[in-house]
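Listed below are the residues making up each chain.
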Amino acid sequence: MAGIYIYSDNNEIAAEIIGFAKRVGKEAVLLAFDEKTAEVMGNSGADKIYLLNGESELVESYAKAVAELLQKEEAELFAVGSTARGRELAARAAGYLDCALVSDVSALSYADGWFLAERMMYGGLVQQRESLDGLGVVTVPGGKFDPVTGNAEVISMAVQADRRVSLVETAPIVRQGADLSQADKVVCVGMGLDKEEDLETARALAEAIGAEIACTRGIAEERHWLPAELYIGISGAVIKPKLYVSLGVSGQIQHIFGIRDSQLIVGIDTNERAPIFKAADYGIVGDLYEIVPLLTDALKKQTIDRPE
Amino acid sequence: MSKVVACYKWVADEADLRIDADLSVDFSRVKGKISDYDKNAIAEAVNIATAWGEKAVGLTFGTAKAKQSVKDALSRGLEEGYWINADEAADADGAAVAKALAAVIQRIDDVGLVVCAEGASDTFARQVPSRIGAVLDWPVVTSVMKIEIAGNGLMTVRRLDDCMQTVKVQLPAVIAVLPEINTPPIPGLKAVMAAAKKPVHEFKGGDLGINFTPKTKAVEFKGYVMARKNVIFKEGEAADKVRELAAALRKEGVL
Ligand SMILES: Cc1cc2nc3c(=O)[nH]c(=O)nc-3n(C[C@H](O)[C@H](O)[C@H](O)COP(=O)(O)OP(=O)(O)OC[C@H]3O[C@@H](n4cnc5c(N)ncnc54)[C@H](O)[C@@H]3O)c2cc1C
Ligand SMILES: Nc1ncnc2c1ncn2[C@@H]1O[C@H](COP(=O)(O)O)[C@@H](O)[C@H]1O
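Residues numbered from 1 in each chain as written. Chains lettered and ligands numbered in written order. Predicted model: local features only at pLDDT ≥ 70, side-chain atom pairs only at ≥ 80, totals over all residues. Heavy atoms only, no water.

Enquirer: Account for the overall build of chain A, with residues named and values stated.
Expert: Within chain A one finds nine helices and 16 strands. Classification of the 308 residues of chain A by burial places 59% in the buried group. Within chain A, residue pairs in contact and separated by at least 24 positions form 62% of the contacts whose partners lie at least 6 positions apart. In the form shown here, chain A has an accessible surface area of approximately 12,600 Å², with 46% of it arising from carbon and sulfur atoms. Side chains of chain A carry 29 positive and 47 negative charges; the gap between the two charge centres is 2 Å. (Helix = DSSP H or I, 4+ residues; strand = E, 2+ residues; numbered from the N terminus. Buried < 20%, exposed > 50% of the residue type's maximum accessible area, 1.4 Å probe, protein only. Contact = heavy atoms within 4.5 Å. Areas by Shrake-Rupley, 256 points an atom, 1.4 Å probe, with all protein chains shown as cover. Lys, Arg positive; Asp, Glu negative; His and termini not counted. Charge placed at Lys NZ, Arg CZ, Asp CG, Glu CD.)

This is the structure we're talking about:
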């Protein structure tokens, strides 16, 4: 069946893409690899759910089978949620199909028989728009479209997996931090922080203004001072708080990409030439160890009447 | 065991890009660099080759400008450099890049493993490694933060959005590593000197029999600019700067 074929290991994103497909007047076919997903997604507005049964627990290892299915069904687009699993499945399927793939689209639309996709390049410095002719693949981050409802017909079929990769063990990642995408205020620490204990300085400020703590990639991935879900940027969280305050963050483009939709950006950094000041509404050039305790004090006094 | 190929890209340094008033992108002052995370891919390829007692080689697809990358790459512990020289590289998409790289991987004798980075600094499309695997019909493992040798295969640890996975893969395979997998050493003077003497193999894009035409049509390419107030307090006592900032935040009504 022609139409938009959809997969995500994140059911919310899958539902959003189904919403897109229906809104542009296309058939929506959801690919599910387990019965539970097919059941949970039964009322998400898809026309059909293809329940693909095979021997591997790794969704990515069905890439070749998925590519063959898309070709046989004369799919118009394969739209996949932008998660680690989804990106791999999407790119391997695109490779087998030798077709276009636009990754992590910031916008996706359909008009006059063409899909138009928008994405960023150079860490967010450049926006590129491209049109897809014929079957193509896109990966789609969460929050781009609204879901719809409606019952789907479930059709089971057997698929072959690539057995050269096998799953040995899975350990869940327990989310430790706040959901930054919902945060109203964020205090973000960067590599300008000298020691892990100094996180307390940032926490005191965050507490005074009712903000969540976040960080740059290095603080999470190199120093492991904060969990990975708390770093902001093209490879991390994208946030849209009322207020973002950075402490010792240089403001490289890959980080800034994650805070562009903030209402107000404030940077504190010793280096007057740090790019954070070009991205900021307000800034202080100064040592965070001197500035932050003073600022915490000043803002504590100001926010006494802040509703809890 | 067999050779390890590190795929790295020579990219425009995004720090040198200028966005003009009409949002066009000015590349005139741009210097090139090895894509940041590809240094991790090179270091990991060298580590595995060393553990195998084998050779790690570098492979890049680029325009004539990419030539200057080869010595830099070789100074990072690779034994040989493979360079695909093609004007078409300037606007090649993921499909063309993967086919070009795969074509040369097939021409290199006895490759057991291809190591790429998670994503390139310019595209950050995170697609080329998976596509190379598809073109070669080899198994692929992405988001890898640890690799161990396990018999004649590899045991890898992947970090996904919701879990950590331990995954075993047969060789030959393509692996995309996260930058957290290692800290690439900075090449010393001796390594830089030695790099000049290492063999470099050049391929011409036209000789690979690939259609480089991009699969999508570019409709628009423009800079992104944020309109921000840029009020920076830099002079005077810390206490004064803090007082001014606090007053501004109060006025903005964001507290
Ligand atoms: C493909 C790619 C993807 C990436 N994705 C991300 C991403 O998603 N998120 C991300 O954050 N990064 C990402 N990066 C990395 C990014 O390019 C930067 O390297 C990183 O954001 C820098 O982190 P930082 O500002 O904490 O550290 P630095 O750049 O080291 O900055 C530290 C700052 O602290 C200041 N400082 C030092 N001491 C003090 C003091 N006492 N008081 C005040 N200021 C002080 C310094 O002046 C400096 O400006 C990515 C990079 C690439 C290539
Ligand atoms: N032109 C190229 N030459 C060599 N390797 C490349 C090239 N383009 C991409 N790669 C490899 O594929 C990875 C991911 O690239 P991308 O899919 O463009 O984000 C890079 O980090 C490199 O390891």
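Enquirer: Just give me the short version of the interface of chain A and chain B, but keep the residues and values in it.
Expert: With 87 residues of chain A at the interface, the matching set in chain B holds 75 residues. Taken together, the two surfaces of chain A and chain B that pack against each other cover about 7,300 Å², and 55% of this comes from carbon and sulfur. In this assembly, chain A and chain B are joined by 14 salt bridges. The partner of Lys99 of chain B in a salt bridge is Asp98 of chain A, and the shortest N-O contact between them spans 3.1 Å. Put simply, chain A and chain B have 51 residue pairs in polar contact (both at pLDDT 80 or more) between them. Among the elements that make up the side of chain A that touches chain B, the one with the highest residue count is helix H4 (residues 84-97) of chain A (nine residues). Here the residues of the side of chain A that touches chain B sort into 45 nonpolar, 18 polar and 24 charged. (Buried area = accessible area lost by both parts, 1.4 Å probe. Salt bridge = Lys/Arg side-chain N within 4 Å of Asp/Glu carboxyl O. Polar contact = N/O pair within 3.5 Å; in protein donor to acceptor, adjacent residues only side chain to side chain. Nonpolar A, V, L, I, M, F, W, Y, C, P; charged D, E, K, R; others polar.)

Enquirer: So what's going on with the environment of Arg260 of chain A? Residues and values would help.
Expert: Position of Arg260 of chain A among the secondary structure elements: in the loop between helix H7 (253-256) and strand E15 (264-269). Take Arg260 of chain A: its relative accessible area is 12%, and that puts it in the buried class. Along the chain, Arg260 of chain A and Ile239 of chain A lie 21 residues apart, while their C-alpha atoms are 7.9 Å from each other. When neighbours within four sequence positions are excluded, Arg260 of chain A is seen to be in contact with Gly124 of chain A together with Tyr224, Met226 and Arg228 of chain B.

Enquirer: For the site of ligand 2, give the residues involved together with the corresponding values.
Expert: Residues and elements named next belong to chain B. Taken together, 20 residues lie near ligand 2, and Cys7, Asp38, Thr123, Gln127 and Val128 sit nearest. Within the backbone of Tyr8, one N or O atom sits 3.3 Å away from a nitrogen atom of ligand 2. At 3.0 Å from an oxygen atom of ligand 2 is found a main-chain nitrogen or oxygen belonging to Ala125. Out of a free accessible area of 490 Å², ligand 2 has 98% covered by protein chains. Those elements that place two or more of their residues in the shell around ligand 2 are strand E6 (56-62), helix H3 (94-107), strand E8 (111-117) and helix H4 (128-136). With three residues, the single largest contributor to the shell around ligand 2 is E6. (Near = heavy atom within 4 Å.)

Enquirer: Requested: an account of the site of ligand 1, with residues and values cited.
Expert: The local shell around ligand 1 holds 28 residues, among which Met191, Thr216, Ile232, Ser250 and Asp269 of chain A are the closest. Nearby residues around ligand 1 are contributed by chains A and B. In this structure, Ile232 of chain A approaches ligand 1 through a main-chain N or O atom, which is 2.7 Å from a nitrogen atom. Contact between ligand 1 and Gly248 of chain A: an oxygen atom at 3.1 Å from a main-chain N or O atom of the residue. Relative to its unbound accessible surface of 990 Å², ligand 1 loses 81% to contact with the protein. Those elements giving two or more residues to the shell around ligand 1 turn out to be H7 and helix H9 (288-302) of chain A. Among the residues making up the shell around ligand 1, the classes are represented as nine nonpolar, 15 polar and four charged.

Enquirer: Pulling in residues and values, what's your account of the sheet that holds strand E16 (residues 282-285) of chain A?
Expert: The sheet built from six strands is open, its strands ordered E13(A)-E12(A)-E14(A)-E15(A)-E16(A)-E15(B) with parallel pairing. Of all strands in the sheet, those with a lone pairing partner are strand E13 (212-215) of chain A together with strand E15 (231-233) of chain B, marking the two edges. The mean angle between the axes of side-by-side strands here comes to 20°, regardless of whether they run parallel or antiparallel. Bridge analysis of strand E12 (residues 185-189) of chain A against E13 of chain A gives four bridges, and the strand direction is parallel. When the sheet's bridge partners are listed, Val186 of chain A is paired in E13 of chain A with Glu212 of chain A. (Pairing = 2+ DSSP bridges. Axes fitted to C-alpha atoms, helices over the stretch in contact; angles between N-to-C directions.)

Enquirer: I'd like a description of the pairing of strand E3 (residues 48-53) of chain A, backed by residues and values.
Expert: Residues and elements named next belong to chain A. Among the six residues of E3, five are classified as buried, and the element is accordingly described as predominantly covered. Sheet topology note: the strand E2 (residues 28-32)/E3 ladder contains four bridges and is parallel. Looking at the pairing, Val29 lines up with Lys48 of E3. Handedness of the crossover is the feature at issue here: the chain leaves E2, passes through helix H2 (residues 35-40), returns alongside E3, and the resulting connection is right-handed. (Right-handed = clockwise from strand over helix to strand, strands pointing away.)

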